[in-house]
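# Notes for the structure review
Below are the chains, spelled out letter by letter.
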Amino acid sequence: MRKLVTGALVALMMALPVQADAKSDKDDFYEQLDLLMRIFERVRSEYVDEVDDKEVIEAAIQGMLRSLDPHSTYLNPDVYQQVRVQMEGEYGGLGIEVQMENGVVKVVSPIDDTPADKAGIQGGDFITHIDGEAVMGKTLTEAVRTMRGPVGSPIIVTVVRDGEDAPFDVEIVREKILVRSVRHRIEDESIGYIRITTFNMQTGEGVEKAIEDIASQLGSSLDGVILDLRNNPGGLLDEAIRVSDAFLDRGEIVSTRGRRRQNNNRWYATTGDLLDGVPVVVLTNAYSASASEIVAGALQDHRRAVVVGDKTFGKGTVQSEIRLGRTGDRAIRLTTARYFTPSGRSIQERGVEPDIQVLFPRRKGQNGTPRREADLTGHIENDQDNLDLTGEEDIASEIEITDEELLKTAEEGEQPVDVQLRYAIKLLKDMSSLPKSQVAEARPVTE
């Protein structure tokens with residue numbers, strides 16, 4: 001009995017410091033909240049000009065999130081709506097690409113087969129009024145927001161056109177506009193080219209259709225496919241997985257690891273490579289980020305593609321969108337996990353190193369180097385040891401390309417030669433002549 005009492009006293013004495021520490025942490029927490037409210041009240045009552053309570057609180061929220069890392073942020077209703085349009089890849093609108101010039105909206109070009117195109121809007125037109133309200137004095141964002149609206153709703157734009165004596169009104173009925181994130185074409189008669197500008201909800205399907213169209217056009221004469229991810233800032237994780245799956249037959253695509261168990265996941269390719277092993281080259285540069293790096297890293301680790309270009313941006317973190325408010329019209333975007341390539345590499349801060357580095361020639365007068373994730377203030381550091389890649393096969397070592405083959409002189413007045421694209425074309429042409437055993441192909445990754 002005496003031993004039991006002694007044991008209970010010891011356990012109680014051990015528990016007391018823990019409880020004291022917890023109480024102290026809680027007191028500190030409430031003291032900091034009280035400090036925040038006292039500062040807010042001082043700003044409201046004593047700042048030189050009257051402040052907007054909503055703007056001050058929103059700034060405090062933004063400051064809190066941005067102190068964590070560069071990618072955690074608060075999305076107010078206006079910004080959140082724009083983000084949704086970007087991610088969903090569709091909106092109710094007119095279908096025109098625009099820019100601001102001399103205070104009014106200038107039409108760069110109408111998108112084919114959209115309401116604006118059908119209504120006769122032309123590139124070079126100036127829109128001076130929207131539903132009778134002058135555009136002058138508005139920002140481009142405000143003007144674009146006014147032109148967008150519910151599908152089926154009418155809008156009247158006042159157009160000034162070169163060659164016309166006077167402004168004229170055009171009534172247009174808004175329709176669902178799809179934001180094209182994928183474009184494709186044939187290069188050099190036997191190479192398929194697929195360009196992805198962002199990863200929105202249309203991207204995976206767009207890539208699958210592009211592959212199908214390229215395969216149907218070229219058939220057995222298809223020597224390879226170029227997947228261009230240059231200047232692609234990323235987007236939806238699910239779409240990056242779907243794009244990777246289109247080129248892989250099996251194996252892991254990406255994994256995520258965070259503090260909470262729900263953020264620890266692995267995604268695997270489904271059976272069936274849509275290109276059936278046709279060689280692939282992925283083009284990257286310093287502005288290929290996030291979802292672009294997931295795709296490049298997965299295809300590189302599986303030896304399914306040769307990555308050509310420059311090292312990628314190095315954004316290896318996942319942001320979760322947490323909706324807020326009674327109507328869910330605002331949100332915070334919070335970093336909740338890191339992602340890892342199939343071989344276990346963390347791309348955060350380091351990026352994807354190309355198999356073949358081909359730097360785009362620097363324009364005359366251009367100085368400095370591109371800013372990457374590692375250059376951002378407050379970025380999350382990569383604490384992973386460098387992986388030992390010695391002994392890895394270099395598929396590209398079989399290919400030799402001379403400067404004469406690569407740098408063909410452009411005619412006077414033409415666009416500068418896309419050196420990286422030309423290199424990729426020549427690489428695929430040469431790879432098509434290699435024995436199949438030497439060409440990159442998907443295979444399972446063992447851990």
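Just above, that's the structure.
For the structure given in this document, a descriptive report is provided here. (Residues numbered from 1 in each chain as written. Predicted model: local features only at pLDDT ≥ 70, side-chain atom pairs only at ≥ 80, totals over all residues. Heavy atoms only, no water.)

### Regarding the sheet that holds strand E11 (residues 191-196)
Short version of the rule: Only strands joined by at least two bridges in the DSSP assignment are considered to pair. Working definition: helices are DSSP H or I runs of at least four residues, strands are E runs of at least two. Numbering for both runs from the N terminus. In what follows, a contact means two residues having at least one pair of non-hydrogen atoms within 4.5 Å. Where helices are involved, their axes are fitted lines through C-alpha atoms of the stretch in contact, as for all axes, and angles between N-to-C directions lie from 0 to 180°.
Strand order in the open sheet formed by six strands is E10-E11-E12-E15-E16-E19, with mixed pairing between adjacent strands. A strand with exactly one partner marks an edge of an open sheet, and here the two such strands are strand E10 (182-187) and strand E19 (356-357). Two strands pair when backbone bridges link them, and strand E16 (residues 306-309) and E19 are joined in this way by two bridges, in the parallel orientation. Paired with Gly309 across the two strands is Gln357, which belongs to E19. Sheet contacts for helix H6 (residues 203-218): E10 and E11; angle to E10, the most-contacted strand, approximately 20°.

### Some words on the packing of helix H7 (residues 237-247) against helix H8 (residues 291-301)
Applied cut-off: Oblique is the label for any angle not under 35 degrees, not over 145, and not in the 65 to 115 range, which are roughly parallel, roughly antiparallel and roughly perpendicular in turn. Crossings are sorted by hand: turned counterclockwise from the far helix by less than a right angle, the near helix makes the crossing left-handed, and turned clockwise it makes it right-handed. Residue polarity follows a fixed list, in which Ala, Val, Leu, Ile, Met, Phe, Trp, Tyr, Cys and Pro are nonpolar, Asp, Glu, Lys and Arg are charged, and the others, Gly among them, are polar.
For the pair H7 and H8, the least separation of the axes is 9 Å and the interaxial angle reads 25°. One way to sum up the angle between H7 and H8 is to call them roughly parallel. Classified by chirality, the crossing of H8 by H7 is right-handed. Residue-level contacts link Leu237, Ala240, Val243, Ser244 and Phe247 of H7 to Ala291, Ile294, Val295, Ala298 and Leu299 of H8. In terms of residue class, the contact of H7 with H8 is built from nine nonpolar, one polar and no charged.

### A few points about a nonpolar patch on the surface
Worth spelling out the cut-off: To count toward a patch, a residue needs a relative accessible area over 30% and no salt bridge; like charges are then connected within 9 Å, while nonpolar side chains (Val, Leu, Ile, Met, Phe, Trp, Tyr) are connected within 5 Å. Residue burial considers only the protein chains on display, and all accessible areas are found by Shrake-Rupley using a 1.4 Å probe. Think of a salt bridge as a Lys or Arg side-chain nitrogen and an Asp or Glu carboxyl oxygen that are within 4 Å of each other. Working definition: with a 1.4 Å probe on protein chains only, accessible area under 20% of the residue-type maximum means buried, over 50% means exposed, and in between means partly exposed.
Together, Phe29, Tyr30, Leu33 and Leu36 give the surface a local cluster of nonpolar side chains, amounting to about 410 Å² of exposed area. The residue Phe29 is located in helix H1 (residues 2-46) in this model. Residue classification places Phe29 among the partly exposed residues on the basis of a relative accessible area of 48%.

### Thoughts on the packing of aromatic side chains
Let me state the cut-off plainly: Centres within 6.5 Å make a pair out of two Phe, Tyr or Trp rings, where for Trp the six-membered ring is used; the pair is then stacked when the planes are under 30 degrees apart, edge-to-face when over 60, and tilted otherwise. Any Lys NZ or Arg CZ that is within 6 Å of a ring centre and within 35 degrees of that ring's normal is treated as a charge sitting over the ring.
Within the structure shown, the criterion is met by one aromatic pair. With a centroid separation of 5.3 Å and 65° between ring planes, the pair formed by Phe29 and Tyr30 is classed as edge-to-face. Sitting over the ring of Tyr193, Arg185 keeps its end group 4.0 Å from the ring centre. If you follow Arg257 out to its NZ or CZ, it ends over the ring of Phe340, 3.8 Å from the centre.

### Focus on H8
For H8, the buried fraction is high: 11 of the 11 residues fall into the buried class. For H8, the secondary structure elements touched by its buried residues are strand E12 (224-228), H7, strand E13 (252-258), strand E15 (280-284), E16 and strand E18 (330-340). Positive phi shows up at Arg303, right after H8, with a value of about 55°.

### Let's talk about the pattern of salt bridges
Under the defined criterion, the tally for this structure stands at 23 salt bridges. Here Arg266 ties to Glu252 by a salt bridge, and the two come within 2.6 Å at their closest N and O atoms. Remark: Glu252 occurs in strand E13 and Arg266 occurs in strand E14 (residues 265-268); sequence separation between them is 14 residues. Between Asp301 and Arg345 there is a salt bridge whose closest N-O contact spans 2.6 Å. With Asp301 in helix H8 and Arg345 in the loop between E18 and E19, this pair connects stretches of sequence that are 44 residues apart. With relative accessibility at 18%, the residue Asp301 sits in the buried group. Judged by relative accessible area, Arg345 falls into the buried class, the value being 14%. What you see here is one network of salt bridges that share partners, running through Arg195, Asp228, Arg230 and Asp418.

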